[in-house]
Amino acid sequence: MTELAPQELRVLVAVAEAGGFSAAAHRLGITQSAVSRSVRGSEAKVGAVLFDRGRAGASPTPAGERAVALGRRILRLYEVLGAEARAAGRAAAGPGTAEGLLRIAAFRSAALHLLPPALERLAARHPGIRPEIRVVRELGPGTAGEVAAGRADLAIATLSGPASGPPSGPPSGPSGLPDGLPDGLLSGELTREAYSLVHPAGHPDPKALPLLDWDENCGSYTRDWWRAQDWIPRATVKAEDDAMVLTMVGRGLGMAILPELSLREATDAVEIAGLGPQGPVRRVGYVTTPELASTLAVRALIRELRAERG
């Protein structure tokens, strides 16, 4: 098979993101016929149909989704090549600093509480790094899916599976990935959050209150714990995010079970009670790709995130 050239990859990504050949041509500044020829050539090279064509536009097939994701990741390496080479040249003359764009995906509470101190230290040590942060809901592919799809260099993600043993140190390879993360990514644990019962301050019987919840609240292992608790009612209110749940609890509308990061915003309007040694714990870590794990900017951010863990 003949390899796809960078411009062919750019066309595939543009078609997928723009939703059609005409829109991709406008984005790239080329003709629609040039886009069509490029896609047909790419399909011939890989031996698979990459897009379903229709009146509404073009959408990636499963083969196309994979090709586009890998295409983004390959193009990202072209982008970081210059910064990495310049940094290596500076390092030959003495200690250097990382530079360039660093794309980060994080769920809301991690973006609010884990990232800021790490980014503050990162900016002091590497002022040439330009963080670009996207807050992504931990539903479906979640933040790790942004990395797998080539839209982020590093994600702060919920690592599935029960917490056992000490927090992990170096990244784990594909065979050591927690369940639920895309294959082929590297991960490392940053922190563990114990879940607690949160209820309106001063309420005499908080377990009798309605349960407030939101879709991102727990992974499969937490749901197993949840089902084993006969005192927890079915959720009667589903909020948009954890901040909304916490606000509603403070207003006396119910009780909730929330992880530690979400409770850092708690006010005096709520009380927090532990769930005991058998209560659920959420593992939070970073996720990146093998090809970006060795780049200076990603390594620098991982160091600062681990320093925050202490």
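For clarity, every value in this text was computed on a predicted model and none was experimentally measured.

K.L.:
I would appreciate a short explanation of the environment of L139 in the present structure.
P.N.:
By the secondary structure assignment, L139 is in the loop between β4 (128–135) and α7 (142–148). L139 gets classed as partly exposed once you look at its relative accessible area, which sits at 34%. A sequence separation of 78 residues divides L139 from N217, and the C-alpha atoms of the two residues are 9.6 Å apart. Beyond its immediate sequence surroundings of up to four residues, L139 is in contact with D215 and E216.

K.L.:
How do you make sense of the pairing of strand β6 (residues 186–200) when you look at a structure like this?
P.N.:
Regular strands show a simple pattern: their side chains alternate between the two faces of the sheet. Of all 15 residues in β6, twelve are buried; the element is thus mostly enclosed. Pairing geometry for β6 and strand β11 (residues 281–288), over eight bridges, is antiparallel. Bridging from a neighbouring strand, T191 pairs with V284 of β11. Pairing between β6 and strand β9 (residues 256–259): four bridges, direction antiparallel. From the neighbouring strand, L197 faces β9, where its bridge partner is I257. Two elements, β6 and strand β10 (residues 270–274), share five bridges in a ladder whose sense is antiparallel.

K.L.:
Would you mind showing me how to read the layout of surface pockets here?
P.N.:
Gaps left between atoms are located by rolling a probe of water-molecule size over the structure's atoms. Computed from the structure, the second largest pocket encloses a volume of approximately 240 Å³. Elements that contribute at least two residues to the lining of the second largest pocket include exactly α1 (6–18), α2 (21–28) and α4 (62–93). The dominant element in the lining of the second largest pocket, judged by the number of residues it contributes, is α4, at five residues. Considering only residue class, the lining of the second largest pocket consists of five nonpolar, one polar and eight charged.

Conventions adopted
Residues numbered from 1 in each chain as written. Predicted model: local features only at pLDDT ≥ 70, side-chain atom pairs only at ≥ 80, totals over all residues. Heavy atoms only, no water. Helix = DSSP H or I, 4+ residues; strand = E, 2+ residues; numbered from the N terminus. Buried < 20%, exposed > 50% of the residue type's maximum accessible area, 1.4 Å probe, protein only. Contact = heavy atoms within 4.5 Å. Pairing = 2+ DSSP bridges. 1 Å grid on protein atoms, 1.4 Å probe; cavity = no way out; pocket = protein on both sides within 12 Å on 5 of 7 lines; lining within 4 Å. Points joined across faces, edges and corners; volume = space filled by probe spheres on them. Nonpolar A, V, L, I, M, F, W, Y, C, P; charged D, E, K, R; others polar.

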